[in-house]
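Survey of secondary and tertiary structure
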Amino acid sequence: MGRLFVITLEGSVYSCKHCRTHLALSDDIVSKSFHCRHGKAYLFDKVVNVTLGEKEERMMITGLHTVVDIFCVGCCSIVGWKYESAHEKTQKYKEGKFILERFKVLGPDGSNYSSPHEAIFGSSDADDA
């Protein structure tokens, strides 16, 4: 196994809830109006310290998307997904952006989002569909 390089972010940081590896800055949030199976999810312009899974087609509330799951490099936990492509014209803005599931990350203040009564069981996507 090669040497693991981890980027340390400065500022208001979202991190993996399992190992506290830095994942994204709050300044890079595009939208907080997304939902996933475990509740809220945020759309980010960029994230760090993740590896990408295999491409797959996923049907979501807003249509068919090509996505890859993203995993924390520190502990290999799945923390969200990346939009590779959107098949609907109105959803193209998501391409190349990342979803971090709030249930799986710590907020900038160290808070852990866990609200089972808000969980949505079904396909993941924005609630503005």
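Residues numbered from 1 in each chain as written. Predicted model: local features only at pLDDT ≥ 70, side-chain atom pairs only at ≥ 80, totals over all residues. Heavy atoms only, no water.

- Looking at an unreviewed UniProt entry, the protein chain carries the name Protein yippee-like, with the source organism given as Lithocarpus litseifolius.
- In the Sequence similarities (unreviewed entry) part of its UniProt record, the protein chain is described as follows: "Belongs to the yippee family." (UniProt positions renumbered as here; feature names shortened; annotations may be inferred.)

**Side note on the side chain of Lys94**
- Following the sequence through the fold, Lys94 ends up in the loop between strand 7 (78-86) and strand 8 (98-101).
- Residue classification places Lys94 among the buried positions, given a relative accessible area of 0%.
- In terms of polar contacts, Lys94 uses its side chain to reach the side chain of Thr62, at 2.9 Å.
- There is a polar contact of 2.7 Å between the side chain of Lys94 and the side chain of Gln91. (Helix = DSSP H or I, 4+ residues; strand = E, 2+ residues; numbered from the N terminus. Buried < 20%, exposed > 50% of the residue type's maximum accessible area, 1.4 Å probe, protein only. Polar contact = N/O pair within 3.5 Å; in protein donor to acceptor, adjacent residues only side chain to side chain.)

**What about the pairing of strand 3 (residues 29-36)?**
- Bridge analysis of strand 3 against strand 4 (residues 39-44) gives five bridges, and the strand direction is antiparallel. In the strand pairing of strand 4, Cys36 is matched with Gly39.
- Linkage of strand 3 to strand 4, two consecutive antiparallel strands, is achieved through a turn of two residues. (Pairing = 2+ DSSP bridges.)

**Considerations on the pairing of strand 4**
- Of all six residues making up strand 4, five are buried, and the element is well covered by its neighbours.
- In this sheet, strand 8 lies alongside strand 4 in antiparallel orientation, the contact comprising four bridges. The residue bridging Ala41 from the neighbouring strand is Glu101, located in strand 8.

**Description of the pattern of salt bridges**
- Under the definition given, this model contains six salt bridges.
- Here Asp45 makes a salt bridge to Lys97, at a shortest N to O gap of 3.9 Å. Residue Asp45 is located in the loop between strand 4 and strand 5 (50-60), and its partner Lys97 is located in the loop between strand 7 and strand 8; the two are separated by 52 residues in the primary sequence.
- The exposure class of Lys97 is buried, given its relative accessible area of 17%. (Salt bridge = Lys/Arg side-chain N within 4 Å of Asp/Glu carboxyl O.)

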